[in-house]
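Notes for the structure review
Chain by chain, the residues run as shown.
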Amino acid sequence: MLLCCWLVLVALIPVTLSTNPGVKVKLTAKGLEYGKKLGMASIQKKLKTIKVADISGTEKVSPIGKVWYSLTNFQRAKVDLGYGRLDRVPGTGVRLYIRKAFIHLHGNWRVTYLDIQKDSGSFDLSVSDLTITTSIAIKRDGTGRPAVSTVTCTATGGSASIKFHGGPSWLYNLFNDFIDKALRNALQKQICPLVAKAVSDLNPQLKTLNVVAKVDQFAEIEYSMVSSPTVSTSSIELGLKGEFYNIGKHQEPPFSPAAFSLPPQTDNMLYIGLSAFTANSAAFVYNKAGALSLYITDDMIPQGSPIRLDTRTFGAFIPQIAKRFPCLMMKLLVKTEENPVITFEPNNATVKATCTVMAYAIQPNATLSPLFVLNLESSVSARLFVSGMRLAGEVTLNKMDLTLRTSYVGEFQVRALDNIFQMVLKVVVIPKLNVELAKGYPLPTLRKMKLVRSRLQVLKDYMMIGTDVQFSG
């Protein structure tokens, strides 16, 4: 099972190669080494189930003559896979090469000779210096998830040694002359089917890959592969779609992902690059869903603030409001006018949003009387971080600019409202936004996968997570 956790990182070979990825994943030599250890442990576990059928026959053995023999009740005592190497196979997948493997077996022997003489005892058998080579193909199944299969497998070489407990010395002649080769062949014939079974058993686990991951009630993100793995001598790199969609409605945004390249860093096992396209597709989806709007009332303003959402406060700057709507509470509707734009520059992630602010007076019968509509241009800086298996963030206000769009109370100086709306953004809108951003959105993952020692960098047009990985179970 554990091998699949690493095969999946090179496994999503697509049907078509038509789109730049929004997300890139690079598995380094360090990651491949860790994956090799997990894979060998999985194969070793499967080989521990190896079974050897009873062996019996009649042979002429010097110096005793005709001997009937049987080796029965083979029991595995130990399996060790020795040394392993995992190679990348361009365009295909991976090749696992194991050498100096050995299998130790225990069993019972019995012989009949000179027609009437019988003897029996136990034995310990070691088959050493085994070499196992298996090539594993990685492809995309019909659901967009990875599937693996064994292309070739060979189990060769090996030498057998046996220790008979009890019995005459000529038993060794019997073993060396007649049993050794047949026993090694029987073992070798079982090794590759067990390796192939270990590989095929990975597929149910591979189906846990979150090719489509739900974010919340509005959005999901797709992580299907858009290009074949790029295999080099030091790493395997793959491209994922990395695009947000409204749940149940896959509408493409009016922009496409631009090509980007991950830097040649190798300190971590895994590098995940998330482009500005991915972030902007999220902005498109949430704006399309109407999720980027917020009604603001006075009870959302901190109690200790001298600024209140009422006609008395606003009337100090716009006298006609206090005159026409005395002593009324107010309500604001902040709503995005266009899709927010996210940009990534080295060490700097910025979000620019064009919004409208509609101000209302709340009448005693709860009806709303429109007061004015403002254009609000704002810019925030984003701090991004990894939280568990999710990418999260928080924003702080950089600047804002207000202009008057419509007034229902006559002309007034918009700049006089700057302090009020800066306060509204800082104590209401941005905290609300940060609560949602702290929830994060899911990164590409498998069941029982954990990111450790993660570091995030913001680079030109993308952000990159360098991380090690652990699997449990």
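Refer to the structure presented above.
Scope of this entry: the structure provided in the associated data block.

Here is what the cut-offs are and how they apply
Residues numbered from 1 in each chain as written. Predicted model: local features only at pLDDT ≥ 70, side-chain atom pairs only at ≥ 80, totals over all residues. Heavy atoms only, no water. Helix = DSSP H or I, 4+ residues; strand = E, 2+ residues; numbered from the N terminus. Rg over C-alpha atoms; globule rule 2.2 N^0.38 Å. Buried < 20%, exposed > 50% of the residue type's maximum accessible area, 1.4 Å probe, protein only. Core = buried A, V, L, I, M, F, W, Y, C linked by side-chain atoms within 4.5 Å. Contact = heavy atoms within 4.5 Å. Phe/Tyr/Trp six-rings, centres within 6.5 Å; stacked < 30°, edge-to-face > 60°. Lys NZ or Arg CZ within 6 Å of the ring centre and 35° of its normal. Pairing = 2+ DSSP bridges. Axes fitted to C-alpha atoms, helices over the stretch in contact; angles between N-to-C directions. 1 Å grid on protein atoms, 1.4 Å probe; cavity = no way out; pocket = protein on both sides within 12 Å on 5 of 7 lines; lining within 4 Å. Points joined across faces, edges and corners; volume = space filled by probe spheres on them. Nonpolar A, V, L, I, M, F, W, Y, C, P; charged D, E, K, R; others polar. Expected span 1.5 Å × (residues − 1). Bend = angle between axes of the 7 residues up to and from the residue. Parallel < 35°, antiparallel > 145°, perpendicular 65-115°, else oblique. Left-handed = near helix turned anticlockwise from the far one by under 90°.

1. Description of the overall build of the protein
Scanning the protein from N- to C-terminus turns up eight helices and 22 strands. Rg of the C-alpha trace for the protein: 35 Å, well past the compact-globule value of 23 Å for 473 residues, more than 25% over. Seen along its three principal axes, the alpha-carbon backbone of the protein occupies a region of about 125 × 40 × 35 Å. Per-residue burial for the protein yields a buried fraction of 50% across its 473 residues.

2. With respect to the nonpolar core
Phe74, Val111, Leu125, Ile191 and Leu274 are the most contacted members of the largest nonpolar core, which has 92 residues in total. Looking at which element gives the most residues to this core, the answer is helix α3 (residues 171–200), with 12 residues. Leave out the neighbours within four places in its chain, and Val111 touches Val67, Trp68, Tyr69, Gln117, Lys118, Asp119, Trp170, Leu171 and Leu174.

3. Details of the packing of aromatic side chains
According to the stated counting rule, one finds 10 aromatic pairs in the structure shown. The interplanar angle of 35 degrees and the centroid separation of 5.0 Å between the aromatic rings of Phe260 and Tyr462 together place this pair among those described as tilted. Taken together, the positions of Phe260 in the loop between β12 (243–246) and β13 (270–275) and Tyr462 in strand β22 (residues 462–471) put the pair 202 residues apart, joining distant regions of the chain. When its relative accessible area of 7% is taken as the criterion, Tyr462 is described as buried. Put simply, the rings of Phe314, Phe372, Phe412 and Phe421 touch in pairs and so form one group of aromatic residues. The ring of Phe260 has Lys24 sitting right over it, with the charged end atom 5.3 Å from the ring centre. Over the ring of Tyr271 we find Lys26; its NZ or CZ atom is 5.4 Å from the centre of that ring.

4. Observations concerning the sheet that holds strand β9 (residues 219–222)
Within the open sheet, the three strands sit side by side as β8-β9-β12. Their pairing is antiparallel. Both outer strands of the open sheet, β8 (212–214) and β12, are each paired with one neighbouring strand and no more. The sheet shows a mean angle of 30 degrees between the axes of neighbouring strands, direction not considered. Bridge count for β9 against β12 is four bridges, and the pairing is antiparallel. Within β12, the position partnered with Glu220 by the bridge is Tyr245.

5. Comments concerning the layout of surface pockets
In this structure, the largest pocket occupies an estimated 1,400 Å³ of space. Every residue lining the largest pocket is counted, 45 residues in all, and those nearest its centre are Tyr286, Leu292, Leu433, Glu436 and Leu437. At the level of secondary structure, the elements contributing two or more residues to the lining of the largest pocket comprise α5 (276–288), β14 (293–297), β15 (330–336), β16 (341–345), β17 (348–362), β18 (368–387), β19 (390–407) and α8 (418–439). Take the lining of the largest pocket: its biggest share by element is eight residues, from α8. For the lining of the largest pocket, a count of residues per class yields 32 nonpolar, six polar and seven charged.

6. Let's talk about helix α2 (residues 29–47)
With 19 residues, α2 extends 26 Å between its outermost C-alpha atoms, agreeing within 8% with the 27 Å of an ideal straight helix rising 1.5 Å per residue. Residues of α2 that are buried include every one of Gly31, Leu32, Gly35, Lys36, Leu38, Gly39, Met40, Ser42, Ile43 and Leu47, and no others.

7. Observations concerning α8
The first and last C-alpha atoms of α8 sit 30 Å apart over 22 residues, in line with the 32 Å expected at 1.5 Å per residue. Most pronounced at Leu425, the bend in α8 amounts to some 40 degrees. Considering only its buried residues, α8 is in contact with β14, α6 (311–315), β15, β17, β18 and β19. The positive-phi residue at the C-terminal boundary of α8 is Gly440, with phi of around 75 degrees.

8. Let's talk about the packing of α2 against α3
Taken N-terminus to C-terminus, the directions of α2 and α3 make an angle of 125 degrees; their axes are 9 Å apart at the nearest point. As summarised for this structure, α2 and α3 are arranged oblique, according to the angle between their axes. Where α2 crosses over α3, the two elements pack in a sense that is right-handed. Residues Ile43, Lys46 and Leu47 of α2 form the contact with α3, whose participating residues are Ile191, Leu194, Val195, Lys197 and Ala198. In terms of residue class, the contact of α2 with α3 is built from six nonpolar, no polar and two charged.

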